[in-house]
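An overview of the molecular structure
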Amino acid sequence: MVSNPVHGLPFLPGTSFKDSTKTAFHRSQTLGYRNGYAIVRRPTVGIGGDRLQFNQLSQAELDELASKAPVLTYGQPKQAPPADFIPAHVAFDKKVLKFDAYFQEDVPMSTEEQYRIRQVNIYYYLEDDSMSVIEPVVENSGIPQGKLIKRQRLAKNDRGDHYHWKDLNRGINITIYGKTFRVVDCDQFTQVFLESQGIELNPPEKMALDPYTELRKQPLRKYVTPSDFDQLKQFLTFDKQVLRFYAIWDDTDSMYGECRTYIIHYYLMDDTVEIREVHERNDGRDPFPLLMNRQRMPKVLVENAKNFPQCVLEISDQEVLEWYTAKDFIVGKSLTILGRTFFIYDCDPFTRRYYKEKFGITDLPCIDVNKQEPPPVKQELPPYNGFGLVEDSAQNCFALIPKAPKKDVIKMLVNDNKVLRYLAALESPIPEDKDRRFVFSYFLATDMISIFEPPVRNSGIIGGKYLGRTKVVKPYSTVDNPIYYGPSDFFIGAVIEVFGHRFIILDTDEYVLKYMESNAAQYSPEALASVQKHVRKLEAPASESESKQTEKDPGVQELEALIDTVQKQLKDHSCKDNIREAFQIYDKEASGYVDRDMFFKICESLNVPVDDSLVKEVTCKRLLLPAFTFPNPVWIPLCGL
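Residues numbered from 1 in each chain as written. Predicted model: local features only at pLDDT ≥ 70, side-chain atom pairs only at ≥ 80, totals over all residues. Heavy atoms only, no water.

Moving on to the overall build of the chain. Each helix and strand in the chain was counted, giving 16 helices and 26 strands. Within the span of the chain, comprising 641 residues, buried residues form 30% of the whole. Summing over all exposed atoms, the chain offers an accessible surface of approximately 44,900 Å²; the carbon and sulfur share of this is 53%. (Helix = DSSP H or I, 4+ residues; strand = E, 2+ residues; numbered from the N terminus. Buried < 20%, exposed > 50% of the residue type's maximum accessible area, 1.4 Å probe, protein only. Areas by Shrake-Rupley, 256 points an atom, 1.4 Å probe, with all protein chains shown as cover.)

With respect to the secondary-structure elements, S132 resides in strand β7 (residues 130-135). Judged by its relative accessible area of 2%, S132 falls in the buried class. The residues contacting S132, other than those within four sequence positions of it, are N121, I122, Y123, Y125, I149, K150 and R151. (Contact = heavy atoms within 4.5 Å.)

Right, let's talk about the pattern of salt bridges for a bit. The tally for this structure, following the rule as stated, stands at 24 salt bridges. In this structure, E214 engages K217 in a salt bridge whose closest nitrogen and oxygen atoms are separated by 3.7 Å. With E214 and K217 both in helix α5 (residues 211-217) and three residues apart, the pair spans about one turn of that helix. Looking at E214, the relative accessible area reads 31%, which means it is partly exposed. For K217, a relative accessible area of 59% puts it in the exposed group. In this structure, R352 engages D346 in a salt bridge whose closest nitrogen and oxygen atoms are separated by 2.7 Å. Judged by relative accessible area, which is 15%, D346 ranks as buried. Via salt bridges that share partners, E105, E113, R116, R118 and E135 belong to a single interconnected network. (Salt bridge = Lys/Arg side-chain N within 4 Å of Asp/Glu carboxyl O.)

The subject of this paragraph is the packing of aromatic side chains. Tallied over the entire structure, the rule returns 21 aromatic pairs. Each ring, one from Y354 and one from Y355, has its centre 6.1 Å from the other, and the planes form 80°; the classification is edge-to-face. Since its relative accessible area comes to 12%, Y354 is described here as buried. The buried category is assigned to Y355, whose relative accessible area is 1%. Pairwise contacts between aromatic rings join Y422, F438, F440, Y442, Y466, Y485, F490 and F503 into one cluster. (Phe/Tyr/Trp six-rings, centres within 6.5 Å; stacked < 30°, edge-to-face > 60°.)

On to the pairing of strand β18 (residues 340-347). Where strand β11 (residues 242-250) lies against β18, four bridges are found, and the strand directions are antiparallel. Within β18, the position partnered with I248 by the bridge is F343. Note that strand β17 (residues 334-337) and β18 share four bridges and pair antiparallel. If you follow T336 over to β18, its bridge partner there is T341. Between β17 and β18, which pair antiparallel in sequence order, lie two residues; one of them, L338, sits at a positive phi of approximately 55°. (Pairing = 2+ DSSP bridges.)

Reading across the sheet, the six strands line up as β8-β7-β6-β5-β10-β9 and stay open at both edges, with antiparallel pairing between neighbours. Since the sheet does not close on itself, it has two edges, and those belong to β8 (146-152) and β9 (172-176), each with one partner. Across the sheet, the mean angle separating the axes of adjacent strands is 30° when strand polarity is ignored. The sheet contact formed by strand β5 (residues 96-106) and strand β10 (residues 179-186) spans four bridges and is antiparallel. (Axes fitted to C-alpha atoms, helices over the stretch in contact; angles between N-to-C directions.)

Time to look at the environment of V45. Note that V45 resides in the loop between β4 (37-40) and α1 (59-66). As for V45 and S28, which are separated by 17 residues in sequence, their C-alpha atoms are 6.8 Å apart. With residues up to four places along the chain from it excluded, the contact list for V45 reads S28, D50, R51 and L52.

Before going further, it helps to examine a nonpolar patch on the surface. A contiguous nonpolar surface patch, about 320 Å² in accessible area, is contributed by L232, F235 and L236. Tracing the backbone through its elements, the reader meets L232 in helix α6 (residues 231-237). (Patch = residues over 30% accessible without salt bridge, like charges linked within 9 Å, V, L, I, M, F, W, Y side chains within 5 Å.)

On to the packing of helix α10 (residues 510-518) against helix α11 (residues 525-538), then. Packing of α10 against α11 brings their axes to within 10 Å, and their N-to-C directions diverge by 145°. At the point where α10 passes α11, the crossing takes the left-handed sense. Within the contact between the two elements, α10 uses L513, M516 and E517 and α11 uses A527, L528, V531, Q532 and V535. Each residue belonging to the contact of α10 with α11 can be placed in one class, and the counts come to six nonpolar, one polar and one charged. (Left-handed = near helix turned anticlockwise from the far one by under 90°. Nonpolar A, V, L, I, M, F, W, Y, C, P; charged D, E, K, R; others polar.)

On to the sheet that holds strand β19 (residues 419-427), then. Strand order in the open sheet formed by six strands is β22-β21-β20-β19-β24-β23, with antiparallel pairing between adjacent strands. In the strand order of this sheet, the two ends are held by β22 (464-470) and β23 (495-498), each with one partner. Strand-to-strand twist in this sheet, taken as the mean axis angle between neighbours without regard to direction, amounts to 30°. Relative to strand β21 (residues 448-453), strand β20 (residues 437-443) runs antiparallel, the two sharing five bridges. From the neighbouring strand, S441 faces β21, where its bridge partner is S450. Taken strand by strand, α10 contacts β19 and β24 (501-508), and its axis lies near 115° from that of β19.

Quick look at the structure:
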């Protein structure tokens, strides 16, 4: 082979050379077989093994590319409207009439039979009025069977007429190519179709039986065989007869063990056993079909054969005293094969018939081996440890990453910035605690309570926040079902127990009375009456208060005069409602107090004219100043000198 690689030399005598490394100059094979079908392969190399430079797409891919429509340019083609007319080959597509028939065939050269009955099926195809005659294949019959007459239109007479489905019926004779077929019956679809077309069907007839075939079914003569077991007879008698058992192997007692299902096949022809695995979809196991290959299984070994190397040598009859037989496989019993204990829970119908005929066992049960799932474990919350709220602590038991409990958003929006304030005294046997006063703030939006103790000079007790915002559980309520204090529990004279400390409600503000009157359904009549009675006592005649003021200390009178002066400056201000809301916003703990700097900051933000000298003089007194006479007054301590 003379070749001229890419050397830049012309392909002329004297400029080309022969490649001595190439020895094969045959053409590549392009024909072959795969799975019994002839296929064509496109060659990838040419003569001498040089690789061909051409498009490697197959012919099918090239045809597909050639038939591609320019959908991206012109869009999807519009579908043509369906035609009203439906041709017969569409209307009757895959609709076939089936008739059962037979014909008689003479057997001239046989001494055992004179004629033969051959059963056939006649198919009539409605789409093109063609017919075919097919005889079912009988194994080892020695007669050419199958398709007797291929699909075609069959002539009915000498005039050229063809058979039509109207000419077919049960109990008639039809002649096809000189053979007379007797139609005895038809299938359900054929019967429904012919009756729907108005054809009255004849009653079905019995299918004629072949006398020689019936003679062969009679029992043969019984011969007395020697006492030795005839393996050939067993092979011929039980060929293709297999007992099928359904078993489970329960290995749940071992670590990572499970209960798996298997199918055990027992071949009657040679007494061999095969164990097949049952795979389920997405079970995560390798698809090995067999757990144990087909082989004879020893049941009892000789005493000296226990240490026999079974993994490398085949066991013979010398090492086995007894082999497994069909009588050892009983439904409902366990048997050990190769160290594994299998429990047989069911078998197929053929196995049941075999045991009934062979061993007289008729009551083989079908055992349900599906394990019932245990009832779900009821989730019980651990005992409350006393830290935080019960709802917050319970979230640690519901999820790995606890979330905050859901809040009543509607209630929070409706009751935003609504606080009920009460004055309470501590019920304690200690004398120093009798004069202590506490301000209870109940937040309607969250049902939380905060307690503030106003600082008293020279009392020896540091005032301030006594209890932060939290829900308070009523005494004698269970931990599993806690009951918290609500607005209805606060009234004049009520005893509130907060974490072991008892408080008695002494006073309220005017906003509490208005809230109780607007929500009277939440309170008892006694609670509402106690608050109303207390408010009436506070609204005593001014003359009594003035007479009492004359008896006061001159320093106290001077302080009250200064307070009245500040109130007069702020009472007539146009934005007094905004002032009250501003004090409530900056009083985040709802204690009723703000410091001096915050007081001046609020007044400055609202452009409230306040005499600094008066306020400073009031702060020097280090006493509590009632802020303003509003519906919901705010108490402001001016401290921080």
